[in-house]
Amino acid sequence: MDFSQLNKQRAASFNKQKQLLKKLSAGQTILCEQCQKPLKLNLAVDAAQKGQVCCDKGCTHIELEIA
């Protein structure tokens with residue numbers, strides 16, 4: 001089985017999310033690809049140690065592990 005294409009897609013997705021996090025943490029406004037609402041970065045850490053990036057409608061939701 002050839003996983004090279006899958007690995008390329010995963011790497012591209014990871015890099016896209018990493019750039020998104022950099023821009024949001026720098027204070028830039030980034031719009032959700034689906035609903036065009038601004039994404040919000042929430043790093044309010046609770047006991048689960050997770051932050052999140054999401055839009056108001058919920059079509060974008062990325063959980064972040066905070067170490």
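The structure reproduced in this document is the subject of the present report. (Residues numbered from 1 in each chain as written. Predicted model: local features only at pLDDT ≥ 70, side-chain atom pairs only at ≥ 80, totals over all residues. Heavy atoms only, no water.)

**Regarding the overall build of the chain**
Short version of the rule: By the criteria applied, helices consist of DSSP H or I runs no shorter than four residues and strands consist of E runs no shorter than two, each listed in order from the N terminus. Radius of gyration: C-alpha atoms only; globule rule: 2.2 Å multiplied by the number of residues to the exponent 0.38. Working definition: with a 1.4 Å probe on protein chains only, accessible area under 20% of the residue-type maximum means buried, over 50% means exposed, and in between means partly exposed. Residue contacts follow a heavy-atom distance rule, with two residues in contact if any of their heavy atoms lie within 4.5 Å. Neither His nor the chain termini are counted; the positive set is Lys and Arg, and the negative set is Asp and Glu. A charged residue contributes its charge at one atom only: NZ of Lys, CZ of Arg, CG of Asp or CD of Glu.
Of regular secondary structure, the chain possesses one helix and three strands. Sequence-ordered secondary structure for the chain, helices as α and strands as β, is α-β-β-β. Here the C-alpha atoms of the chain give a radius of gyration of 14 Å, more than 25% beyond the 11 Å that 2.2 N^0.38 yields for 67 residues. If you line up the chain on its principal axes, its C-alpha atoms span 40 × 30 × 20 Å. Looking at the chain residue by residue over its 67 residues, the buried ones come to 19%. Contacts in the chain between residues far apart in sequence, at least 24 positions, make up 14% of those at least 6 positions apart. Computing the positive centroid from 10 side-chain charges and the negative centroid from 6, the chain places the two 8 Å apart.

**Focus on the environment of Lys57**
Note on placement: Lys57 falls in the loop between β2 (50-54) and β3 (61-65). For the pair Lys57 and Lys37, spaced 20 residues apart in sequence, the C-alpha to C-alpha distance is 8.0 Å.

**Notes on the layout of surface pockets**
Under the convention used in this document: Cavities and pockets were defined on a 1 Å grid built from protein atoms only: a cavity is a group of points that admits a 1.4 Å probe but offers it no way out, a pocket is an open group of points flanked by protein on both sides within 12 Å along at least five of seven lines, and a lining residue is one with an atom within 4 Å of any such point. Grid points are joined across faces, edges and corners, and a volume is the space filled by probe spheres set on the points. Under the grouping applied here, Gly and all other residues not named as nonpolar or charged are polar, the nonpolar ones being Ala, Val, Leu, Ile, Met, Phe, Trp, Tyr, Cys and Pro and the charged ones Asp, Glu, Lys and Arg.
Space inside the largest pocket adds up to approximately 310 Å³. In this structure, the largest pocket is lined by 15 residues; those nearest its centre are Lys16, Leu20, Glu33, Thr60 and Ile62. Elements with a minimum of two residues in the lining of the largest pocket: α1 (4-25) and β3. Sorting elements by how many residues they give to the lining of the largest pocket places α1 first, with six residues. Along the lines of polarity and charge, the residues of the lining of the largest pocket split into six nonpolar, six polar and three charged.

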